[in-house]
Amino acid sequence: MSANVIETLQFNCTTCPSECLLTVEVERSADGAVVEVRSVTGNSCPRGDAFSHQELTCPMRVLTTTVAVSGGDEALLPVRTAEAIPLELHAQAMDLIRGLVVDAPIRMSDVVLPNLLDTGTDLIASMGIDPA
């Protein structure tokens, strides 16, 4: 049985325009999984600490893509998740979204797909499309 390894990482916080350079000391198990975030420095606000914990345990991102439009004055509709979803679900979400076709008209912020992959987050329109 191997002992856990202490690792020091550096990355930028993306929660605000300051983009603080965080130095994070993390403990990893023999299989590379994060056991504990031991310390966070370099953050100028509490959001950096929360961001580093989230980023190392379950990274979250807003998913942006396009879906096909039927009967509209545009062929593609830009869409995004209303909130960030786990990064590990993005490929599965794209497999589902790839087959979607929405009917025009559609307005910005309309729900295109509710509760995407049971995340509690809707896929919403990022712009409006009028009928052709």
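Quick summary incoming for the structure in this document. (Residues numbered from 1 in each chain as written. Predicted model: local features only at pLDDT ≥ 70, side-chain atom pairs only at ≥ 80, totals over all residues. Heavy atoms only, no water.)

Turning our eyes to something else, we now look at the pairing of strand β6 (residues 76-81). Burial along β6 is one-sided: L77, V79 and T81 are buried, and none of L76, P78 and R80, which face the opposite way, are. Relative to β6, strand β5 (residues 64-70) runs antiparallel, the two sharing five bridges. Paired with T66 across the strands is P78, a residue of β6. Inspection of the sheet shows β6 paired to strand β10 (residues 123-125) by three bridges, in the antiparallel sense. Across the sheet, V79 pairs through a bridge with A125, a residue of β10. (Buried < 20%, exposed > 50% of the residue type's maximum accessible area, 1.4 Å probe, protein only. Helix = DSSP H or I, 4+ residues; strand = E, 2+ residues; numbered from the N terminus. Pairing = 2+ DSSP bridges.)

Attention now moves to the sheet that holds strand β3 (residues 34-41). Here three strands make up an open sheet; going across it, the order is β1-β2-β3 and the pairing antiparallel. Looking at which strands have only one partner, the edges of the open sheet turn out to be β1 (5-12) and β3. Across the sheet, the mean angle from the axis of one strand to that of its neighbour is 25°, orientation sign disregarded. Across eight bridges, the pairing between β1 and strand β2 (residues 21-28) is antiparallel. Looking at β2, one finds that Q10 is bridged to T23. Sitting on the sheet, helix α1 (residues 46-57) is in contact with β1, β2 and β3, with an inclination near 155° to β3. (Axes fitted to C-alpha atoms, helices over the stretch in contact; angles between N-to-C directions. Contact = heavy atoms within 4.5 Å.)

Before going further, it helps to examine the pattern of salt bridges. For the structure on display, the rule yields five salt bridges. Measuring nitrogen to oxygen at the nearest pair gives 2.4 Å for the salt bridge that ties R28 to E7. In this pair, R28 is assigned in strand β2 and E7 in strand β1, connecting sequence segments 21 residues apart. Classification of E7 by relative accessible area gives partly exposed; the value is 28%. With a shortest N-O distance of 2.8 Å, E55 and R61 are connected by a salt bridge. A relative accessible area of 30% places R61 in the partly exposed class. (Salt bridge = Lys/Arg side-chain N within 4 Å of Asp/Glu carboxyl O.)

Let us look at helix α2 (residues 90-97). Of the residues making up α2, those classed as buried are H90, A93 and I97. Within α2, the buried residues cover an arc of 60° as seen down the axis, which keeps them to one side. Turned more than 90 degrees off the buried face of α2, the exposed positions are A91 and D95. On its buried side, α2 packs onto β4 (60-61), β5, β7 (85-86) and β10. (Arc of directions from axis to C-beta.)

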